[in-house]
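A structural walkthrough
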Amino acid sequence: MLKGIIQFSHYLMEEAVNKGDTVIDATCGNGHDTVFLSEIVGENGHVFGFDIQEQAIEHTKENLAVHKITNATIIKDSHSNAIHHLTVDQLTSLGGAIFNLGYLPGSDKGIVTKSESTILAIEGILSHLKENGIVVLVVYHGHEGGDIEKRNILEYVHQLNQKQYNVLYYGFINQKNTPPFIIAIERKTR
Ligand SMILES: C[S@@+](CC[C@H](N)C(=O)[O-])C[C@H]1O[C@@H](n2cnc3c(N)ncnc32)[C@H](O)[C@@H]1O
């Protein structure tokens, strides 16, 4: 009955995002979320996918080609620059963003998301996010440095103004080791 972490992250995006919206996959990796997002925004919407690794960019483009997806743009750049790649119209229709933090499975575990750029990216996205839009963070933190990113992100989201945002924490607290969890930030008003 309880949705798993990936399933719940997709459920939240599906609930908040509308057809025709612009959405951001802030860590496209192998492109699984990019493919999912392209379906929920429909042919009139658009997905912008970001990653800093060439391998991730190639895998995501291959994944999009397999699924014959044309409403997505994949950009090799840090998500901290994400909003600078969008036009004013695209920023106005920004309905959501998803971050899968950590490293790309099957790849260099030394290339991981870092709290400085993650928080910069979240701040930029929140400054343009539509009312009722959502930012979903899937926080993997078992790798080296993951505890620091986790701590800094929790500190950042704790201080978000409750009049403007709902902040949700979702995770399975009886799992062994360092299970991933979700932070979802819903924009209440603009
Ligand atoms: C957990 S993986 C993402 C998995 C992906 N969502 C999927 O469905 O396959 C994290 C990704 O974040 C990327 N990354 C790390 N720092 C980044 C940054 N500053 N901007 C964008 N992507 C970054 C890594 O290269 C890696 O591919």
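Structure: above.
A few points on the structure. In this numbering scheme, every chain counts its residues from 1 along its sequence in written order. Local features are withheld for residues below a pLDDT of 70 in this predicted model, meaning they are given only at 70 or higher, and side-chain atom pairs are given and counted only at 80 or more; totals for whole chains, interfaces and linings count all residues. Where side-chain values are given, they derive from all heavy atoms of the structure, hydrogens and water being excluded.

What follows concerns the overall build of the protein chain. Helical segments are the DSSP runs of H or I of at least four residues, strand segments are the runs of E of at least two, and each set is numbered from the N terminus. Looking only at helices and strands, the protein chain has six helices and seven strands in total. Compactness check: the protein chain gives a C-alpha radius of gyration of 15 Å against a globular reference of 16 Å for 190 residues, within 12% of the reference. In terms of its C-alpha atoms, the protein chain occupies a principal-axis envelope of roughly 40 × 40 × 35 Å. Remark: exposure states derive from per-residue accessible area (1.4 Å probe, protein chains only) relative to the maximum for the residue type, with buried under 20%, exposed over 50%, and partly exposed in between. In the protein chain, which comprises 190 residues, the share counted as buried stands at 52%. In the protein chain, of all internal contacts separated by at least 6 residues, the share reaching a separation of at least 24 is 74%. Charged side chains of the protein chain number 15 positive and 22 negative; the gap between the two group centres comes to 5 Å. Both definitions apply: the radius of gyration is a C-alpha atom measure, and the globule rule equals 2.2 Å times residues to the power 0.38. The contact definition used throughout considers only heavy atoms, calling two residues in contact when any of these lie within 4.5 Å. Charged residues are defined here as Lys and Arg on the positive side and Asp and Glu on the negative side; His and the ends of the chain fall outside this count. Note that the charge is assigned to NZ on lysines, CZ on arginines, CG on aspartates and CD on glutamates.

Note on definitions. A residue lies near a molecule or strand when any single heavy atom of the residue is within 4 Å of it. Taken together, 23 residues form the shell around the ligand, and within it Thr-27, Asn-30, Asp-51, Gln-53 and His-79 come nearest. Nitrogen and oxygen atoms within 3.5 Å of one another constitute a polar contact, given that in protein one can donate a hydrogen and the other can accept it, and given that sequence-neighbouring residues count only through two side-chain atoms. Separating an oxygen atom of the ligand from a side-chain N or O atom of Asp-51 is a distance of 2.6 Å. Note that a nitrogen atom of the ligand is positioned 3.1 Å from one of the side-chain N or O atoms of Ser-78. With the chains in place, 95% of the 610 Å² that the ligand exposes on its own is no longer accessible. Mapped by element, the contributors of at least two residues to the shell around the ligand are α2 (32-41) and β2 (46-51). Among the residues forming the shell around the ligand, the class breakdown is eight nonpolar, twelve polar and three charged. Accessible surface area values rest on a Shrake-Rupley calculation with a 1.4 Å probe, where residue burial reflects the displayed protein chains alone. Residue type decides the class: Asp, Glu, Lys and Arg count as charged, Ala, Val, Leu, Ile, Met, Phe, Trp, Tyr, Cys and Pro as nonpolar, and the leftover types, Gly among them, as polar.

Relative orientation of the contacting elements α2 and helix α3 (residues 54-66) amounts to 40°, with a least axis distance of 9 Å. Comparing the axis directions of α2 and α3 gives the class oblique. As for how α2 packs across α3, the hand of that crossing is right-handed. Where α2 abuts α3, its residues His-32, Thr-34 and Val-35 lie against Thr-60, Asn-63 and Leu-64. Axis definition: a line fitted to C-alpha atoms, over the contacting stretch in the case of helices. Angles run 0 to 180 degrees between N-to-C directions. Oblique is the label for any angle not covered by the other classes, which are roughly parallel (under 35 degrees), roughly antiparallel (over 145) and roughly perpendicular (65 to 115). The hand of a helix crossing depends on one turn: near helix anticlockwise from the far one by less than a right angle means left-handed, and clockwise means right-handed.

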